[in-house]
Structures are given as structure tokens and as C-alpha cells.
Amino acid sequence: ATRFNALQADSTWQKVWDDRQTFAARDDSGKPHSYVLEMFPYPSGRIHMGHVRNYTMGDVLARFRRMRGYEVLHPMGWDAFGMPAENAAMEKGVHPGTWTLANIETMKAQLKRLGFALDWSRELATCKPDYYGHEQALFLDMFAAGLVYRKESAVNWDPVDMTVLANEQVIDGRGWRSGALVEKRKLSQWFLKITDFADELIDGLGELDHWPDKVKLMQENWIGKSQGLTFSFEILPGTGRGTGEAGGGGLPQSASPVEAPLHHQPAAGGPPPGSGEERVAVFSTRPDTIFGASFVAVAADHPIAQAIADRPEVAAFIERCKKGGTTAAELETQEKLGFDTGLTAAHPFDATRRLPIYIANFVLMDYGTGAVMGVPAHDQRDLDFARKYDLPVQRVVADGDLRDPVFVGDEAYTGPGALVNSDFLDGLDVEAAKREVIARAEAGGWGKGSTVYRLRDWGVSRQRYWGTPIPIIHCNACGVQPVPKAQLPVVLPEDVSFAIPGNPLDRHPTWKHVACPACGEPARRETDTLDTFADSSWYFIRFASQPKDKPFDRAVAERWLPVGQYIGGVEHAILHLLYARFWTRALKHIGMLDIAEPFTGLFTQGMVTHETYKSADNRWLSPDDVRDGIEIATGQPITVGRVEKMSKSKKNTVDPEPIVDRYGADATRWFMLSDSPPERDLPWSESGIEGAWRFVQRLWRLFDGDDTVAPGEGGDPTLDRKLHQTILGIEQDIEALAFNKAVAKLYELCTAIERAAPSPSRGNAIYTLMLLVAPMVPHVAEEAWAAKGFDGLIADAAWPEVDPKLLVEDEVTIAVQVNGKLRDTLTLPKDMAREQIEAAALSADKIARLLDGKPPKKVIVVPGRLVNIVA
Ligand code: ANZ
Ligand code: ZN
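Residues numbered from 1 in each chain as written. Chains lettered and ligands numbered in written order. Predicted model: local features only at pLDDT ≥ 70, side-chain atom pairs only at ≥ 80, totals over all residues. Heavy atoms only, no water.

The condition is simple: UniProt positions are given in the numbering used here, feature names are shortened, and annotations may be inferred rather than shown by experiment.
An unreviewed UniProt entry annotates the protein as Leucine--tRNA ligase of Sphingomonas kyungheensis. On record in UniProt, under Catalytic activity (unreviewed entry), the comment for the protein is "tRNA(Leu) + L-leucine + ATP = L-leucyl-tRNA(Leu) + AMP + diphosphate". According to the UniProt record, the Sequence similarities (unreviewed entry) comment for the protein is "Belongs to the class-I aminoacyl-tRNA synthetase family."

Below, the structure written as C-alpha cells:
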């Protein structure tokens, strides 16, 4: 047999697929539709192994579904706006657009070299006006529907990149790219009302049966719905001890916390401080614990704190709180700090009880009301705080025996139980007590049952150049005006400079100066651009339908959507997926698209990893710099480090392009599918890719070496059975995206064929093998198909049919007893279902005669062994 020339076959078949537009999806072919999508790449420069793995998985599914008779939409495009293009502009003096388009060209050629079954006729790049202009139109539709608003809000300001950062872009208080210490700033920002959809976005998760549970949980936690009571305490000024921060100086906690007085003892002396506020509202998910409250705490930027911030010690304390960071994660880990304002709050059920009001660093301003009631016995943060500031700890929920002393150590009790020390709540369980307190608060007019979400509205303003311009005009006389749709797209100016940091749109000499669409007077364009997550929130809709004059055609888009299988990295588990789900629901709300969930199936694939290497003098080394434990350039021994995700910083990347050039597309694809379950990490190895290359050659020897390759069967029932089991198994594996299992089955089938003697069965098995491997290694399959003279392309061929008769592996002997006595034995297929076994036993001649037409009292089936009939 000849050797398979992968490089030649790659280019031949890639050209054929291209020329014939083999993978162009037709909107109305009459076939059932299937939409397979991988998360589109950011055009960073070159394709990396993560891309190869991601797109290979989607490709196998897309090709498989085509062969199974679906009209498949499998598109590709570019998430082309974003910071790196601006960074390149700053570093290299190249325009972000030039840099981006050059990267797209390179990466597109690289993707084509892998032979992906993509519909390139639908390619899009979000940085082109024919994409972002439509996004602007959608923004205006949302604006008209009241889903867009502007407000002053504190943002994370990166003083080096001169831009607003999302919370998750702030790592340990520093900008994720610049590493600069992040500051808080107030800016007027545009927001999308994602919070209007909080409940829908939670409830919708319930329908997503084909999403990983962990992703659904992450989304649910991110939305963070809590039910409880919002209520207010009356503030009694001038009675507190007002000693400021008590930390450190306090005595150790009394040995008997149960006896500690719950009443706050006002200290004598000290001028009565005032805040001007009369009530302080708090949100609690545990109103049942209200009798265990021993303090109230407000956030550092709460009005009560701000009102007394003219006192230097208060101002200093507030500053100190801000230094530690204010994100939820940061607050969780910091040491608890408090400042006693000297104000007290009256307990709503007992006005003589006074709770000191603290400013505390663990209270978030933008959650709930920015203030909490502290219940140390039942909340860990409150307990830590109470221990530090020597505040009473009173247990109000008992665990088990009510007569037990309800001692509280260093761990708050958060479990269920009955209420104690709680007046009219005593004896109620937690849920009943919650209802009772809510009812009384509502009746008394000092509180209301409420639902609070962690989710905030989506701040979409970015003070950057390389993004979708927000289509708004500011007029001094008319205020905020939407750009008239006829004037869309609002195109980015080309002539911009990145010589100094900041937003080039803002300092462009002419771009922002426009006439007000309402009064015609000189006005200013909005110079903020949209968060790039907006671009990726609807690209899958534009792929489905891309008319020139509008964002999408509703009927066509609805024919394709939702995306049946979406594949991408777990790093997008929260934001991208949540924003896309929101955007889709917003369009439904406006009446533009009747799709609730954009992605019904989601798969998050693992990463491609590689060993790391360090030189004798502790530099990271690339695999190319190393041979046999020696650094090639210096001849010095190296140390091998951990296997980690391929990353530029650790230099442990392997560039796919030379791999494809050397081993061909099929071997590269095969390796990506073979070694690990797709949700796990895949360690790259030289031996792995070589093994894949050998397997492609082995396939070719089978295809090329046998003269009897043809459909049909006969002569070798064992091989026939193996073949049909393999067909079925692979169908199931590919649908489950368990590619490594499919690969293992194909290895087995090859071995079985190689061992089989020549027969029509063998020729048929080889013929079928071509079809089975076609989704995974399409080039060698296509080459063999043509070499054997079969019609058309294998990419267009039908997937082989499973013959159920041939699936039965083995037969087993089953004993049939009547009233415990052996009466018959039956030979039945091994995997027969219980009911079928029962039916076979009852209808067996000997048994039917014994039963004589009377229905049995009971039938016990032990599959694979026996049936016992009680007559
Ligand atoms: C009293 C209480 C007693 C609480 C108890 C908990 C346990 P989730 O479930 O995450 O929604 N809280 C309310 N607003 C806060 C804010 N702005 N910053 C920090 N903490 C705040 O948490 C709700 C609970 O977190 C609320 O219920 C409140 O403490 C606190 F045994 O009230 B709880
Ligand atoms: Zn005007």
C-alpha cells in the first residue's frame, strides 16, 4: 500500500469543500435544522491549541449531524473589539483595526488548514460597521423600551489604562492587565437593565437540562437571589458611648456569653453625635433571629457614616475601610473592622433595648440597604465582629433539646431549630418565626418582606476607542438624544492617536461634534463605547440571519435558534453566558425574537496543557528550546516543572501551525479528540501526536489495501456484529461529546478488521469505517472515498444505519421456575429487558401449559439468570 500524503490530501479536499461551498447552511432546505456553535475567537494573532481543541469538537458534531441528515449551521466569526488591539496600537503604533484585520486573516488561514466544516459565507467580525451598526440599532431598541439608562456610579478606575474595569477585572485590588492599583471614581455610565430579568434568568436555568450543573450553579449564585425582610430601626441619637474604634483594647469575651446583657449600656459623657438620619433600614434573610440582634452595622459609604465623616477619626476609619477593597470577595477575607458611631438603634419589639450602630468594613454599600442587623450567635461574620468588639452574643435558635444550655463558642449556629429567648417567637421553628416577624413588621408599618439580588445592572460604558460607539447624542438644550436609526451606523473615526492614554474618541478634533437630532444645534456625541460582552451577546443570532438592512430576520433566526450545542471554555460560565441569555430575553421582551434561551446545550471543554521548563538560571523555557533535558542554546540541564495550561507567560505553548504542517490536519484533530475526556485537561505530548499520525496511516492502509471495499455484508458474523456495535456506540458517544470513547471504539474496530480474514463482511467493515471516521479525520476519509471511486463527497454521504439484529452480543440461558420448581430453560438475548424476559417465560410452551390460562400471582425476574412464577 502507498503512504497517505496528508499535506497533499489536506489542500486538495479543503479546496474542494471551499469551491463547492459544501458547508454553507441553507435556510430552507426542508431538512431538520441543527445549530452547532463554538465560542468565537478573539483575533489575538494566532490560533492556539485551545482553539484547535474547541473547534475540533464542534466540527466532529457538525459533520456527524450533516451525515445524519440535518441541515447544519456551523459558522465562524471574530470577537474583534477589545483592549489588546488598543494595547498593540500603543506599543507598536499600528492602528487597532489594521492589527485586528491582519490577525483575522492569519487565523482564518490557520483554521482553514484544519479542515473545519464551517460556513464561511456567514463569517462576521464585530469590529465592522456592518455588524456593530446593527448592534447600535438593537441598543436603541432597548433604549426605546426602557431597558437602557444612565446613572452616576462608582467604578473601578484603572489609572494606567485609563479605563473602567469590571469587578472581575480587578485582581487583588489591581487592574488585570496593567497591574496598577485600582481607584474608585464616580462617572456617568450607561446601564442595561439586566436586573429586570433576574427571576427569569434564574427560572430559565431549570429548563437547561443539557448544561453542566456547575455552570448553572455559578449563574444562580451570581444572580444571588435572597428572600427576607427589609425593615428599619429608629435611631436614637446622643445615647451611645461613641468611643470610636474599640478594637484591640477590649477585654476578652466574658466566659458566659449567655449571660452577657443584650442591652447596650450607654456610656456616660461625651458629646452626643448626630447623623441627621432618623431611621436605618437593614435587610435580613433571618428576621427570625431579631431577638438575637446586638448591634447594627452600616457600610463605610452609607449616608449615616457619611453624615459624621466630618469627624476626623470617622474620616480616617472610612479611608481605612476603602483601602482593603470593597468587592464581596475582599470583604469576606478581611479582618473585621468596626467604628462605634455613638448612635443607637431601638429594637423594634422592645424600644428600651438599644443596639449600638457601627460602621463596619464587612458591610457592602450596594447590597440590600447597605446596613445590617448583627446577630452574632447565628452569623459567622457578626460573631467574629462581636468577639472583637465585646458585644453580646445571645443564642436564639436552639439546636435539638431546648433545655440544653445554648452556649455559643467560636462558631455561629446557622442550622434549623426552635426559637428561644425570643418572646412571642419562642418555640416556633425558623421558617414559622420568619413568617411571624415579617407579618408583624408589615402590620406595624416598619418593614416589608422583600427579595434582594446580588446581580447588578450591566454597566456597558467603556472609555475606550476600540468598541461599538454608543449611539447617543448629548444636547445642552434637549438632553440625551438617540441617534436616528437612519444615521446608523455611527462609525468609528479612523484617524486616531494612541500616543497618550485615555479615550481617543474624546480628544478627536471633529468626531464628537454633531448637530442635535432634535433641535439642530451643536451637540456632542457620546464617546463611550460598549462593553465587548455586548458584541458577543447576539452574534449567534446574526450568524443565523444576516440581512443588510436590519440586525436579523426574525423568521429565519427563529428557524435556526436556539443553538442546540454550544461549546467553549468554562471561563465564560458566568458573564458571557448570562449576558447572552439576558440579551436574548430582552429581544423577546421587546417582541423582536421569540426565543427564551439562546443555548439549549452547553459543553465546557478542558484546557490543553503542557509541561513547563526552567533553565539553570531560572528562566522559563519553551519546549522548542529544550531537548533531552538540556537547554539547546546553553547546553545546560533544565528542570521540568508542573503540567499547566499552555500560556505565553510560562512559555509552555505549542504552536498548532507547525504541527499541522508536519503531521497534517487529521492527525492533529485525532490527537485533540483521543487522549482525554473532553471536559478534562488534555496534556499535549509529542508521542501523542505521533501516535495519531500513525493511526491515520493505519487507516489509510486499511482503506487502500483491500480490493473488496464495498457496502454489504456476509461471511463473518462476528465482524458484522462488532461493526454494528461500533456504529451505535459512536453515534451515542458523539452526541454525548464523549469523543475519547468514540476514538477507543474505532481503535478496536480497526484491530478487529485487521485480524479478520478476507470476506464481504471485511470489505463492508472497511467501507463503513471510512464513514465512521469521516467526522473526525475528514481528509483521509475523503481521499479514500475518492480513491475507491464512490460517488460525491464523503462529507455529504449518509451515516451508516445500525442493524439492531446485529447488536445482540450473546445469548444467555434463563431458568424458569414455577412455585420454586425448575420447569423450563430458555435461551434469550443477553440484554433483553425485564418485561420481555417475563413475556418470553410466560409464553413458553411448557409454562403456558402448566399455568393453564390462569394469570400468575407474581413473577420475579432476575435478568440473566432466572424467572420465578408464583401461580
Ligand atoms: C441578620 C442575620 C442573622 C443575617 C443571621 C444572616 C444570618 P445573603 O444570604 O447573601 O443574601 N447583609 C445584608 N445586607 C448586607 C450588606 N449590604 N453587606 C453585608 N452583609 C449584608 O445574605 C443576607 C444576609 O447578609 C443578611 O441577613 C444580613 O445579615 C447580611 F443569623 O441579617 B442577615
Ligand atoms: Zn437639542
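Having seen it, we continue.
1. Topic: helix 19 (residues 665–674)
Given 3.6 residues to a turn, an α-helix orients residues that are three or four positions apart in the same direction. Put simply, the rule is: Exposure is judged per residue with a 1.4 Å probe applied to protein chains only, and the accessible area is read against the type maximum: over 50% gives exposed, under 20% gives buried, and values in between give partly exposed. Working definition: helices are DSSP H or I runs of at least four residues, strands are E runs of at least two. Numbering for both runs from the N terminus.
In terms of burial, helix 19 is a largely internal element, 10 of the 10 residues being buried. Of all the positions in helix 19, only A665, D666, A667, T668, R669, W670, F671, M672, L673 and S674 are classed as buried.

2. So, the sheet that holds strand 36 (residues 858–862)
The following threshold applies: Strand pairing is assigned whenever DSSP identifies at least 2 bridges connecting the two strands. Throughout, an axis means a line fitted to C-alpha atoms (over the contacting stretch in the case of helices), and angles, computed between N-to-C directions, take values from 0 to 180 degrees. Should any heavy atoms of two residues lie within 4.5 Å, those residues are considered in contact.
Taking strand neighbours across the sheet as the criterion, the 4 strands line up as 35-34-37-36 in an open arrangement whose pairing is mixed. Two strands in the sheet have a free side with no partner beyond their single neighbour: strand 35 (821–829) and strand 36. If you compare each strand with its neighbour and ignore which way they point, the axes differ by 20° on average. Pairing of strand 34 (residues 811–818) with strand 35 involves 8 bridges; the strand directions are antiparallel. In the strand pairing of strand 35, V812 is matched with L828. Lying on the sheet, helix 25 (residues 834–843) is in contact with strand 34, strand 35, strand 36 and strand 37 (866–870); it crosses strand 36 at an angle near 120°.

3. Structural notes on helix 11 (residues 380–389)
The line we're drawing: In protein, a polar contact requires one atom able to donate a hydrogen and another able to accept it; more generally it is a pair of N or O atoms within 3.5 Å, and residues adjacent in sequence count only if both atoms are side-chain atoms.
For helix 11, the complete set of buried residues consists of D382, L383, F385, A386, R387 and Y389. Residues of helix 11 that are buried in the fold lie against strand 12 (295–298), strand 13 (338–347), strand 14 (350–360) and strand 15 (371–374). Between the side-chain oxygen of the N-cap and the backbone nitrogen of R381 there are 3.0 Å, and the N-cap of helix 11 in question is D379. Of the residues one or two after helix 11, D390 is the one with positive phi, at around 60°.

4. A few points about the coordination of the zinc ion (ligand 2)
What counts here: Donors, by definition, are the N, O and S atoms found within 2.8 Å of a metal, the threshold being 3.2 Å for Na, K and Ca, and water is not counted, so a site can look incomplete. In these descriptions, tetrahedral denotes four donors with every angle between 85 and 135 degrees, square planar four donors and octahedral six donors with opposite donors over 155 degrees apart and the rest between 65 and 115, and irregular any other case.
Only C475 (SG), C478 (SG), C516 (SG) and C519 (SG) from the protein reach the zinc ion (ligand 2) as donors, at distances of 2.2 to 2.4 Å. Between the 4 donor atoms coordinating the zinc ion (ligand 2), the angles at the centre fall across 107 to 112°, so the site counts as tetrahedral. In the primary sequence, the donor residues of the zinc ion (ligand 2) line up as C-x2-C-x37-C-x2-C. A relative accessible area of 6% places C475 in the buried class. Exposure remark for C478: the relative accessible area of 28% places this residue in the partly exposed category.

5. Some details on the pattern of salt bridges
For clarity, the cut-off: In what follows, salt bridge is the name for a side-chain nitrogen of Lys or Arg lying within 4 Å of a carboxyl oxygen of Asp or Glu.
A full pass over the atoms with the stated rule returns 46 salt bridges. The residue D661 makes a salt bridge to R113 at a minimum N-O spacing of 3.5 Å. With D661 in helix 18 (residues 656–663) and R113 in helix 4 (residues 96–113), this pair connects stretches of sequence that are 548 residues apart. Take D661: its relative accessible area is 38%, and that puts it in the partly exposed class.

6. Looking at the site of ligand 1
Counted only if it meets this: Here a residue is considered near a molecule or strand provided that any single heavy atom belonging to it is located within 4 Å of it. Each accessible area is a Shrake-Rupley estimate made with a 1.4 Å probe; only the visible protein chains count as cover when residues are assessed. Side-chain classes follow a simple rule in which Ala, Val, Leu, Ile, Met, Phe, Trp, Tyr, Cys and Pro form the nonpolar group, Asp, Glu, Lys and Arg form the charged group, and the remainder, Gly included, forms the polar group.
Neighbouring residues of ligand 1: 18 residues in total, closest S226, S284, L364, Y367 and R454. Within the side chain of S226, one N or O atom sits 2.5 Å away from an oxygen atom of ligand 1. Contacts to ligand 1 include T285, whose backbone N or O atom sits 3.0 Å from an oxygen atom. Notes on ligand 1: free accessible area 640 Å², of which the protein chains cover 87%. Those elements giving two or more residues to the shell around ligand 1 turn out to be strand 11 (279–284) and strand 15. The class makeup of the residues in the shell around ligand 1 is 8 nonpolar, 6 polar and 4 charged.

7. Regarding unusual backbone geometry
L488 connects to P489 through a cis peptide bond whose omega is -5°. By secondary structure assignment, the location of P489 is in the loop between strand 22 (479–482) and helix 13 (504–507). A cis amide bond links L561 with the next residue in sequence, P562, at an omega value of 0°. Looking at the secondary structure, you find P562 in the loop between helix 16 (554–560) and strand 26 (565–569). The backbone of Q21 shows a phi angle near 55°, a positive value even though the residue is not glycine. Within the secondary structure, Q21 sits in the loop between helix 1 (6–20) and strand 1 (33–38). For Q21, a relative accessible area of 48% puts it in the partly exposed group. One non-glycine residue, D628, lies in the positive phi region at around 50°. On the secondary structure map, D628 appears in the loop between strand 30 (626–627) and strand 31 (630–631). Relative accessible area serves as the criterion here: at 74%, D628 is assigned to the exposed category.

8. Some thoughts on the environment of G712
With respect to the helices and strands, the residue G712 is situated in the loop between helix 20 (686–705) and helix 21 (717–735). In sequence terms G712 and P855 are 143 residues apart; their C-alpha atoms lie 46 Å from each other. Apart from residues lying up to four places away in sequence, G712 is in contact with P760 and N764.

9. Points about the packing of helix 1 against helix 24 (residues 778–787)
Convention followed: For classification purposes, angles smaller than 35 degrees are called roughly parallel, those larger than 145 roughly antiparallel, those between 65 and 115 roughly perpendicular, and all remaining angles oblique.
Here helix 1 crosses helix 24 at 85°, and the two axes come no closer than 9 Å. When the axis of helix 1 is compared with that of helix 24, the two are roughly perpendicular. Here helix 1 contributes A9, D10, W13, Q14 and W17 to the contact with helix 24, which in turn contributes P778, H779, E782, E783 and A786. Grouping the constituent residues of the contact of helix 1 with helix 24 by class yields 5 nonpolar, 2 polar and 3 charged.

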